[in-house]
Amino acid sequence: MSSNHSQVLLHVVFEHAAGYALFAVKEVEEIGMLLPQVVEASVLNVGKFSSVVNLSAFFPFKSAQTALENINAISEGVLHADLKLFLETNLPIGGKKKALLGVSDAKLGAALQEDLDLSIQTGGVVAEIIRGIRLHFHSLVKGLTAQAASKAQLGLGHSYSRAKVKFNVNRADNMIIQSIALLDQLDKDINTFSMRVREWYGYHFPELIKIVSDNSTYCKLAKLIGNRKELSEESLEALEEITMDSAKAQAILDASRSSMGMDISPIDLINIESFSNRVVSLSNYRQELQEYLRSKMGQVAPNLAALIGDVVGARLISHAGSLTNLAKYPASTVQILGAEKALFRYWGSPSLLGVRMAAVMAGQGWIGSG
């Protein structure tokens, strides 16, 4: 460049929420003469900075949708038709002066170099010039106020973020993380509520607690039996249906006839039955949720589910934050996750889980469906 002493004409393209702007930087024989330190000294002062750059052309976006399409293209490093037309129309190409275009994004620079056959400059002095343009943009573009520029940025920021969130709907592991958290909460709540039913109904029929240990079954029986004094041989079949054990059903009937429990009023029974009904409904929903989780794990991480089960697999994904994070973890991190007590309660012993975790670590490459 220095051999023929031809002047270098540096232009800088700046992408703003309001539109594209092309700035001409003062002519110099060597781009190296524009040192970052020199530009940096004038960046904060709009008067000094205006002597370094001046606006060549401005292309305002016609709508919020156009702005979003252009920003999406830039973020992907793709040259949008609007930007291409803008540069072809306003960038002086040819002649004695060598045209050099400064851009902030290297990926976009590569796309411009390929499509328009331009000399591209990124970083260094260009980064300082763009910093100054960003700071004084509303002053450099006539008719654009600071308020209008800020409003455009805010609107585009919301649209861009919303589009990115919508684009992320395929993150099915989000549903798994929420499901396992809800499953844990339901387990705690059902256990707490069942203990309340046992304590409440135990005043009337204390013997039932010793005969039936399962919480859900106890609540169903409390709802069915009601007043123990009204329990008869005719109820035996219904008791058998809930307990799935004829001996247990007979034991309940016998215990009701010789119970030490206190008498209970109809209004108290109505409240106990109503609460028992709620607990049974929660238990039923928990089973539905577990089925949903099983099907989701089958779709999203079938290999992980096959190795360590649906619940523990879902818990690992939840601990990692996402399936992608879990797949990227080194074996040592997966081992630490597997050592947590929260995972042990779903397996008979830590050693059994350890065997399964070793299998996960060995097959880390195929945690997902691939």
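Residues numbered from 1 in each chain as written. Predicted model: local features only at pLDDT ≥ 70, side-chain atom pairs only at ≥ 80, totals over all residues. Heavy atoms only, no water.

## A closer look at the pairing of strand β2 (residues 19-25)
Then, number 1: Where burial is concerned, most of β2 is hidden: seven out of the seven residues are buried.
Then, number 2: Judged from the seven bridges that link them, β2 and strand β3 (residues 53-60) form a sheet pairing that is antiparallel. Within β3, the residue paired with G19 across the bridge is P60. (Buried < 20%, exposed > 50% of the residue type's maximum accessible area, 1.4 Å probe, protein only. Helix = DSSP H or I, 4+ residues; strand = E, 2+ residues; numbered from the N terminus. Pairing = 2+ DSSP bridges.)

## Side note on the pattern of salt bridges
Then, number 1: As enumerated under the stated definition, the model contains eight salt bridges in all.
Then, number 2: With a shortest N-O distance of 2.3 Å, D187 and R286 are connected by a salt bridge. You can see D187 sitting in helix α8 (residues 173-202) and its partner R286 sitting in helix α13 (residues 266-300), a full 99 residues away along the chain.
Then, number 3: We classify D187 as partly exposed; its relative accessible area is 27%.
Then, number 4: Here R286 falls in the buried class, since its relative accessible area comes to 17%.
Then, number 5: Its salt-bridge partner being R257, residue E233 comes within 3.1 Å of it at the nearest N-O pair. Residue E233 is found in the loop between α10 (215-225) and α11 (236-243), and its partner R257 is found in helix α12 (residues 246-257); the two are separated by 24 residues along the sequence.
Then, number 6: Judged by its relative accessible area of 45%, E233 falls in the partly exposed class.
Then, number 7: Connected via shared salt-bridge partners are E291, R294 and D310. (Salt bridge = Lys/Arg side-chain N within 4 Å of Asp/Glu carboxyl O.)

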